[in-house]
Each structure stands twice: as C-alpha cells, then as structure tokens.
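Survey of secondary and tertiary structure
Chain by chain, the residues run as shown.
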Amino acid sequence: VGYWRSVYASTNSFSMECFIDELADVVGKDPLDFRKQLLIDQSRFIKVLEVAAEKSDWKRNWAARKGIGLALVNSFGSICCHVIKISKSKGVFKINKIISVFDCGLMVNPDTIKAQIEGNIIMGLGAALTHQIHFKNGEVVEKNFDTYKMPRLADIPPIEIHLIKNEEEPGGVGEPALPPVAPALANALFNLTGKRLRKLPIDLNQL
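Here is a short report on the structure shown in this document. This is a predicted model, so every value here is computed, not measured.

Parameters at a glance
Residues numbered from 1 in each chain as written. Predicted model: local features only at pLDDT ≥ 70, side-chain atom pairs only at ≥ 80, totals over all residues. Heavy atoms only, no water. Helix = DSSP H or I, 4+ residues; strand = E, 2+ residues; numbered from the N terminus. Rg over C-alpha atoms; globule rule 2.2 N^0.38 Å. Buried < 20%, exposed > 50% of the residue type's maximum accessible area, 1.4 Å probe, protein only. Contact = heavy atoms within 4.5 Å. Lys, Arg positive; Asp, Glu negative; His and termini not counted. Charge placed at Lys NZ, Arg CZ, Asp CG, Glu CD. Arc of directions from axis to C-beta. Polar contact = N/O pair within 3.5 Å; in protein donor to acceptor, adjacent residues only side chain to side chain. Phe/Tyr/Trp six-rings, centres within 6.5 Å; stacked < 30°, edge-to-face > 60°. Lys NZ or Arg CZ within 6 Å of the ring centre and 35° of its normal. Expected span 1.5 Å × (residues − 1). Patch = residues over 30% accessible without salt bridge, like charges linked within 9 Å, V, L, I, M, F, W, Y side chains within 5 Å. Areas by Shrake-Rupley, 256 points an atom, 1.4 Å probe, with all protein chains shown as cover. Salt bridge = Lys/Arg side-chain N within 4 Å of Asp/Glu carboxyl O. Disulfide = S-S within 2.5 Å.

Overview of the overall build of the chain
- What the chain contains, in helices and strands, is six helices and six strands.
- Compactness check: the chain gives a C-alpha radius of gyration of 17 Å against a globular reference of 17 Å for 207 residues, within 12% of the reference.
- Projecting the C-alpha coordinates of the chain onto the three principal axes gives extents of approximately 55 × 40 × 30 Å.
- In the chain, which comprises 207 residues, the proportion classed as buried is 43%.
- Considering only contacts within the chain whose residues lie at least 6 apart along the sequence, 68% involve residues at least 24 apart.
- Across the chain, the centroid of the 26 positively charged side chains sits 8 Å from that of the 23 negatively charged ones.

Some remarks on the environment of Leu125
- Tracing the backbone through its elements, the reader meets Leu125 in helix H5 (residues 110-129).
- Put simply, Leu125 and Val181 are 56 residues apart on the chain and 6.5 Å apart in space, counted from C-alpha to C-alpha.
- The residues touching Leu125, leaving out its near neighbours within four places in the chain, are Ile95, Ile98, Thr130, Pro151, Ile156, Pro157 and Val181.

Some remarks on helix H2 (residues 31-38)
- Residues of H2 that are buried include every one of Pro31, Leu32, Phe34 and Arg35, and no others. Projected down its long axis, H2 carries its buried residues within an arc of 160 degrees, all on one side.
- Contact partners of the buried residues in H2: helix H1 (7-26), helix H3 (43-56), helix H4 (58-63), strand S1 (68-75) and helix H6 (181-193).
- N-cap assignment for H2: the residue whose side-chain oxygen lies 2.7 Å from the backbone N of Leu32 is Asp30.

Observations regarding the packing of aromatic side chains
- One pass over the full model with this rule turns up zero aromatic pairs.
- Positioned over the ring face of Phe190 is Arg65, at 5.6 Å from the centre of the ring.

Re the side chain of Ser10
- The residue Ser10 is located in helix H1 in this model.
- The class for Ser10 is buried, based on a relative accessible area of 9%.
- Separated by 2.8 Å, the side chain of Ser10 and the backbone oxygen of Val7 make a polar contact.
- If sequence neighbours within four positions are ignored, Ser10 has contacts with Trp4, Leu178 and Pro179.

Some details on H6
- If you check H6, its first and last C-alpha atoms are 18 Å apart, about what 13 residues at 1.5 Å a residue would give, namely 18 Å.
- For H6, a buried count of 11 out of 13 residues is recorded, marking the element as mostly surrounded by other parts of the structure.

Digging into a nonpolar patch on the surface
- There is a patch of nonpolar side chains on the surface, built from Ile133, Phe135 and Val140 and spanning about 280 Å² of accessible area.
- Examined against the element boundaries, Ile133 turns out to sit in the loop between H5 and strand S4 (135-136).
- Accessibility expressed as a relative area gives 44% for Ile133, which makes it partly exposed.

Some details on the state of the cysteines
- One pass over the structure, following the stated rule, counts zero disulfides.
- This cysteine, Cys80, is not joined by any disulfide, and Cys81 carries the nearest cysteine sulfur, 7.1 Å off.
- Given the relative accessible area of 0%, Cys80 is considered buried.

Some points on the side chain of Glu142
- When you line up the elements, Glu142 lands in the loop between strand S5 (139-140) and strand S6 (159-163).
- A polar contact of 2.6 Å, which involves the side chain of Glu142, links it to the side chain of His134.
- Setting aside anything within four residues of it in sequence, one finds Glu142 in contact with Gln132, Ile133, His134, Thr147 and Tyr148.

Let's talk about the environment of Tyr148
- Relative to the assigned elements, Tyr148 resides in the loop between S5 and S6.
- Look at Tyr148 and you get partly exposed, because its relative accessible area is 23%.
- Put simply, Tyr148 and Thr130 are 18 residues apart on the chain and 7.9 Å apart in space, counted from C-alpha to C-alpha.
- Other than its neighbours up to four places away in sequence, Tyr148 contacts His131, Gln132, Ile133 and Glu142.

Written out as structure tokens, the structure reads:
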C-alpha cells in the first residue's frame, strides 16, 4: 500500500459519506439535515454545515435536484465540508462550482490555509475522475504524466472557500480538504441522475 495525501481518510470517507447519503435517501431526509440530526450535540460540525447550506443555497438546489451534493469529514484535527454543484448539457457533465467550508480551529495564516484547501481539492478531483494505475505483465503501465492523467487548469471549476473563525485548538490544513471531494461529487451525481456510484475514478463520459 502506498501512502498519499490524506492517507486513509480519503478512501474511508468516500465509503462513509456516500453511505450517509444513501441512508438519508432511504428515510426520505435532506442529506444535510440528516447529518445535522446525527451531530445534534456537535456545535462545530453544525456550524460548518449551516454555513455550507447558506453559501450554496442548499435547500432550493437539493429539492429541485439541480445536481448538488456534499460531504462532511473530520480528519487531521480539522472539519471540512465540500458542496459540489454539477450540471449536464447535451450529454456532457460539468462541475460548475465547489464550495468549501473549513474549520481548523485557531488560524495563523488564512491565505496559506486557502492555498492548501485549493491544492487538496485539485488533487481530490484527480483521484475522483482520472487517477488510475494499471498493471501489464507485472509492470505498471502508467509511467509518467502523459498516461497518468492529472487535472489541469482548464479542468478546475471555480472554488469558493469559507473559513470558520474560532479559538479552538489548531488542526491540520495540508490534508483535511481532500477526503470530502470524491463523495461530494458522487452525491451530487446522485442528486442529478439518481444513480449511485461506488467505484473510483468516476468516468463522467460513461454515465
């Protein structure tokens, strides 16, 4: 097993946050409200969710099935929620925007925190959409970046970041914003298409 940015928080969070959405759907609940009910006594988590709902116009977009999904992950001492908005036109899916709400406790340099969040999101999009390793005759096929596809500037949607100010103990900023990317995207695709995705990477051209 090779280690990479966010280690097991990424793989575990994809499974858990997609499953939370499935549970919400089974009981007929808004997935954001469903999370708030599960976290009833966790004020920091509730605050993150409430800011995410406000900044994304969550209620209206989710109810209208406009292609919106979220994931909420606590890792490396910080809480991160991503809301992803997607659309489909003429058979082509497009990620329109990613809204990130981040609580890492006491902040020292907000610009550095935002830069780390952006880097996490871009790497998370790569993991969600393009990163794959194949083996042939015992050797890795993808040996450089011409075959191991990385997100480029043209692939990156607008990113909107909101930092929660408080005096809590400082948490990490270099990794916590990666794990929510893939589940937020998968949950947005379910909101738009009604189809559950349980395998990464997601090939948007095959949906």
